[in-house]
Amino acid sequence: MPEPGSKKYDTRRARLRKDAEGSGISDQDANRAANEELQEDQEWRSRGPKTERGRGPKGERPSSG
């Protein structure tokens, strides 16, 4: 599953932005609309940190359980 910042995500966002621009939406609004559309879709949304280190300092992590 692609996540924000990945090449696949950026390619999809550019394609959506181009389609929006073609339908008469301004550049800024097209960019915002493409980002919103991708963030609404579960497949393209970030799932959070992938490692323990990504969760932050050990003393500041929420307790699990």
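Residues numbered from 1 in each chain as written. Predicted model: local features only at pLDDT ≥ 70, side-chain atom pairs only at ≥ 80, totals over all residues. Heavy atoms only, no water.

**Observations concerning the overall build of the chain**
The number of helices and strands found in the chain is 2 helices and 0 strands. Counting over 65 residues, the chain shows a buried share of 15%. Pairs at least 24 apart in sequence give 45% of the contacts found in the chain among residues at least 6 apart. Of the roughly 5400 Å² of accessible surface on the chain, a fraction of 45% belongs to carbon and sulfur atoms. (Helix = DSSP H or I, 4+ residues; strand = E, 2+ residues; numbered from the N terminus. Buried < 20%, exposed > 50% of the residue type's maximum accessible area, 1.4 Å probe, protein only. Contact = heavy atoms within 4.5 Å. Areas by Shrake-Rupley, 256 points an atom, 1.4 Å probe, with all protein chains shown as cover.)

**Remarks on the pattern of salt bridges**
Within the structure shown, the criterion is met by 2 salt bridges. For Arg17, the salt bridge is made with Glu21, and the minimal N-O distance between the two is 3.9 Å. Remark: Glu21 and Arg17 occur in helix α1 (residues 7-22); sequence separation between them is 4 residues, near one turn of the helix. A salt bridge links Arg32 to Asp29, with the shortest nitrogen-to-oxygen separation between them at 3.1 Å. One end of the pair is Arg32 and the other is Asp29, both in helix α2 (residues 27-40) and 3 residues apart, which spans about a single turn. The class of Asp29 is partly exposed, set by a relative accessible area of 34%. (Salt bridge = Lys/Arg side-chain N within 4 Å of Asp/Glu carboxyl O.)

**Re a negative patch on the surface**
There is a patch of like negative charges on the surface, built from Glu36, Glu37, Glu40, Asp41 and Glu43. Positionally, Glu43 belongs in the segment after α2. Given a relative accessible area of 38%, Glu43 falls into the partly exposed group. (Patch = residues over 30% accessible without salt bridge, like charges linked within 9 Å, V, L, I, M, F, W, Y side chains within 5 Å. Lys, Arg positive; Asp, Glu negative; His and termini not counted. Charge placed at Lys NZ, Arg CZ, Asp CG, Glu CD.)

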